[in-house]
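Next come the chains, spelled out residue by residue.
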Amino acid sequence: MRTVSSYGAEIRKPNIPLRLTMKTYRQAVSYLTEIYMQVWEELREIPETKKRFNAAEHMVHTTKKNTARFDFDLCFPKMPSYLRRAAIQHALGSISSYETRLEQWTKTGKLTGKPRLSCENHAMPVFYRDVMYREGGEGKDEAYLKLYDGHDWKWFRVCLKHTDMEYLRRNWKGKKASAPTLEKRQRRYFLRFFYTEEVTLTKTAVEEQIICSVDLGINTDAICTIMRSDGTVLGRKFINFPSEKDRMYRVLGRIRRFQREHSSVQAGGRWEYASRLNAELARKIAGAVSAYAEEHHSDVIVFEYLEMQGKIAGNKKQKLHLWRKRDIQKRCEHQAHRKGMRVSRICAWNTSRLAYDGSGAVLRDGKNHSLCSFSTGKRYHCDLSASYNIGARYFIRELLKPLPATERSLLEAKVPSVKRRTSCVYADLRELHLQMEILKAV
């Protein structure tokens, strides 16, 4: 499996023409988008992508054997060929995407929501190696970029943040990086490097697998349970970052008070800061989950399908809107694949509603929503019970799926609750494993 990772190194003291270079590149992309939109009917008839790109480049670039139809070379003189081709590719991709979205919108027959082609885009230049980008000396926190100073394209020395370069040298030394891309975030400039790795994922049999079942929550960030196929629990961990959440909730309180005195329009910068705090919390949760799974040599990390549709109401509305559940799962999946682990998902129905011991529905505590009471009177942590059920549903599905129909129906007759996956709990996995052992012994 191929994984692609990226890291942005911050540019220190950007007293070089980065802003002018970025502005020139975006103007070139906007200019090309307008041109190719005029001749798109002609370019659309060329089916092959490479031939279409060559035809598009011949329209704007003059050579000894070709005369351009448009004056791109006069508007953007001496632009490096690799940067020009990157701008052409970006413009063609924008138009192709727009045409596809327009065709889909036309088929729906809707009168509103018509897609638009925006020539004013936020494209960022790519600095190709040797011709646009050169690495600095060994162990030095620098690089060399070819930038536009208003008259010509020249080489400039770029100072990069020491901590970022130390991270790259420590974790990615010896691995080839692709051409870096210039980024601008929060008024700062970054060089984003991309690394491609070939990873072999684990192929352990289901009966020998060790999984890490994860229940993502709002009160407790994540609860992880290490489990074997027979239901043996090897470890449990409550992952929570209360100080980070407290800091974010204080910021949200300030935003609320500010909007009462002024207006929501003027609170944009404060909302951006809260969003960055929330994104950092998601990174920490994902890192903690993947690190715990790796520590116990897990083969699979199991999550729930968390699809929330419709309007959200109640006193936890804002918390649910800020809950970055998909971002956490996406980051965990990437980190797990880099370490050779697989990621699986199960249906989330009734994982928290049903007790893991098979005693039926639970009753949530009104004062502490993390706790619940079983029908037997037992008090337990609701999210921990859900993590048991998540792991159990994964193993039930993987154990029954490869079996022949006759053997599967025999097991379902002895353990009827496994027929319906949305009502399976941890106790059903223990019973299913017992019946499978009895069947093997016969």
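Since we're looking at a predicted model, the values are computed, not measured.

Trainee: Explain the sheet that holds strand 10 (residues 300–305) to me, please; I cannot follow it from the model alone.
Mentor: Two strands in a sheet stick together by hydrogen bonds in their backbones, pointing the same way (parallel) or opposite ways (antiparallel). Read from one edge to the other, the open sheet built from five strands follows the order 9-8-7-10-11, with strand pairing classed as mixed. Both outer strands of the open sheet, strand 9 (233–239) and strand 11 (342–347), are each paired with one neighbouring strand and no more. Averaged over all neighbouring strand pairs, the angle between strand axes comes to 25°, with direction disregarded. Note: strand 7 (residues 210–216) against strand 8 (residues 222–228), seven bridges, orientation antiparallel. Counted as the bridge partner of Ile 211 is Met 227 from strand 8.

Trainee: Any chance you could explain the pattern of salt bridges here in plain terms?
Mentor: Should their charged atoms come close, side chains of opposite charge can pair. Applying the stated criterion across every chain, the model contains 30 salt bridges. Measuring nitrogen to oxygen at the nearest pair gives 2.9 Å for the salt bridge that ties Asp 365 to Arg 379. Of this pair, Asp 365 sits in the loop between strand 12 (363–364) and strand 13 (371–373) while Arg 379 is found in strand 14 (residues 379–381), placing the two residues 14 residues apart along the sequence. A relative accessible area of 18% places Asp 365 in the buried class. The exposure class of Arg 379 is partly exposed, given its relative accessible area of 47%. One salt-bridge network, in which partners are shared between bridges, spans Glu 10, Lys 161 and Arg 188.

Trainee: Just to check I follow, could you spell out a nonpolar patch on the surface for this structure?
Mentor: Taken together, the side chains of Leu 434, Ile 438 and Val 442 define a hydrophobic patch exposed on the protein surface, amounting to about 310 Å² of accessible area. Checked against the element boundaries, Val 442 lands in the segment after helix 13 (426–441).

Trainee: Explanation requested: the pairing of strand 5 (residues 181–185) in the structure shown.
Mentor: The side chains of a regular strand alternate, first on one face of the sheet and then on the other. Pairing geometry for strand 5 and strand 6 (residues 188–198), over five bridges, is antiparallel. Looking across to strand 6, one finds that Thr 181 is bridged to Arg 192. Linkage of strand 5 to strand 6, two consecutive antiparallel strands, is achieved through a turn of two residues, within which Gln 186 is found at a positive phi near 50°.

Trainee: How should the sheet that holds strand 13 be read in this particular structure?
Mentor: An order of 12-13-14 is seen for the three strands of this open sheet, with the pairing classed as antiparallel. Strands with a single pairing partner mark the edges of an open sheet, and in this sheet they are strand 12 and strand 14. Of the pairings in the sheet, the one linking strand 12 to strand 13 comprises two bridges and is antiparallel in character. Within strand 13, the residue paired with Leu 363 across the bridge is Ser 373. Sitting on the sheet, helix 11 (residues 382–400) is in contact with strand 12, strand 13 and strand 14, with an inclination near 70° to strand 14.

Calculation notes
- Residue indices begin from 1 for each chain and proceed along its sequence in written order.
- Reporting of local features is limited, given that this is a predicted model, to residues whose pLDDT is at least 70; pairs of side-chain atoms are given and counted only at 80 or more, and all residues count toward the totals for whole chains, interfaces and linings.
- With hydrogens and water set aside, each side-chain value is computed from the structure's full complement of heavy atoms.
- Any two strands with at least two DSSP bridges between them are considered paired.
- Strands are runs of DSSP state E lasting at least two residues, helices are runs of H or I lasting at least four, and both sets are numbered from the N terminus onward.
- Angular values range over 0 to 180 degrees, each being the angle between N-to-C directions of two axes fitted as lines to C-alpha atoms, with helices fitted over their stretch in contact.
- Within this document, salt bridges are pairs made up of a side-chain nitrogen of Lys or Arg and a carboxyl oxygen of Asp or Glu, the two lying within 4 Å of each other.
- Three labels apply to residues, based on accessible area from a 1.4 Å probe with only protein chains included: buried if under 20% of the type maximum, exposed if over 50%, partly exposed otherwise in between.
- For patch building, the residue pool is restricted to those with more than 30% relative accessible area and no salt bridge; the joining distance is 9 Å between like charges and 5 Å between nonpolar side chains (Val, Leu, Ile, Met, Phe, Trp, Tyr).
- All accessible areas in this document rest on Shrake-Rupley with a 1.4 Å probe, and a residue is counted as covered only by the protein chains that are shown.
- We call two residues in contact whenever any of their non-hydrogen atoms come within 4.5 Å of each other.

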